[in-house]
Amino acid sequence: MTGDQVAGAVPQPALTHFASVTVEVGEVLDLGETIDGRRRVVPIRGGSVAGNGWSGRVLDAGADFQLYPSADTAYLTATYVIEAGDGTRLFVENKALRAGRPEDLARMVSGGTVDPSLIYFRCAPRITAATDSAFAWVNSRLFIGSGVRTPDAVQLEFFAVD
């Protein structure tokens, strides 16, 4: 232990904004009610990314796999690729929880607009990049975020946990 470390002191995490992401989505594939709940697959068709000192785009590669085990809860797993302005490709596997009143989630699922303050939408994206890229540091960081679903896109804010 070094002189400036205190035995038993646990560092407090801090958040640093990583990127604002707009994910454009395609037509929903509704698989109906399954033994686990209602399943839906939403194709990811593109989008844009704005980070601190960098920008990029969401490629037309991926989908959001959704499970609605109840009328007020959705578990989401979206996988897609971001291409940064320098050409680096970042793989995103984003696990999220979306919860709200059954009538609000039903309106959202039907393509309607819902006041974002009525929906709890938090996520834990895992982001990876080539180890020889300028974004290699993302491989050793945790990220969290929040989102808002609109009829044709998802707005996300991602934060690195420092």
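Overview of the structure.

### Some details on the packing of aromatic side chains
Consideration 1: Tallied over the entire structure, the rule returns five aromatic pairs.
Consideration 2: Taking the centre distance of 5.7 Å and the plane angle of 75 degrees together, the rings of F18 and W137 count as edge-to-face. Of this pair, F18 sits in strand β1 (residues 15-25) while W137 sits in the loop between β7 (120-128) and β8 (142-150), placing them 119 residues apart in sequence.
Consideration 3: The exposure class of F18 is buried, given its relative accessible area of 5%.

### A short note on the pattern of salt bridges
Consideration 1: Per the counting criterion, the structure on display carries eight salt bridges.
Consideration 2: A salt bridge links D60 to R45, with the shortest nitrogen-to-oxygen separation between them at 3.2 Å. Of this pair, D60 sits in strand β4 (residues 54-70) while R45 sits in strand β3 (residues 37-51), placing them 15 residues apart in sequence.
Consideration 3: Given the relative accessible area of 51%, D60 is considered exposed.
Consideration 4: Across the pair E83 and R89 runs a salt bridge, and its minimum N-O distance is 3.0 Å.
Consideration 5: Residue class for R89 comes out exposed when judged on its relative accessible area of 52%.
Consideration 6: Each of R101, E103, D104 and R107 takes part in one network of salt bridges that share partners.

### Points about the pairing of β3
Consideration 1: Judged from the seven bridges that link them, β1 and β3 form a sheet pairing that is antiparallel. Counted as the bridge partner of E24 is G46 from β3.
Consideration 2: Inspection of the sheet shows strand β2 (residues 29-34) paired to β3 by five bridges, in the antiparallel sense. For D30, the partnering residue across the bridge sits in β3 and is R40.
Consideration 3: Taking the residues that link successive antiparallel strands as the turn, the β2-β3 hairpin has two residues.
Consideration 4: Across 11 bridges, the pairing between β3 and β4 is antiparallel. Note on β4: the bridge partner recorded for R38 is Y68.
Consideration 5: Linkage of β3 to β4, two consecutive antiparallel strands, is achieved through a turn of two residues, within which G53 is found at a positive phi near 85 degrees.

Definitions and limits used
- Residues numbered from 1 in each chain as written.
- Predicted model: local features only at pLDDT ≥ 70, side-chain atom pairs only at ≥ 80, totals over all residues.
- Heavy atoms only, no water.
- Phe/Tyr/Trp six-rings, centres within 6.5 Å; stacked < 30°, edge-to-face > 60°.
- Helix = DSSP H or I, 4+ residues; strand = E, 2+ residues; numbered from the N terminus.
- Buried < 20%, exposed > 50% of the residue type's maximum accessible area, 1.4 Å probe, protein only.
- Salt bridge = Lys/Arg side-chain N within 4 Å of Asp/Glu carboxyl O.
- Pairing = 2+ DSSP bridges.

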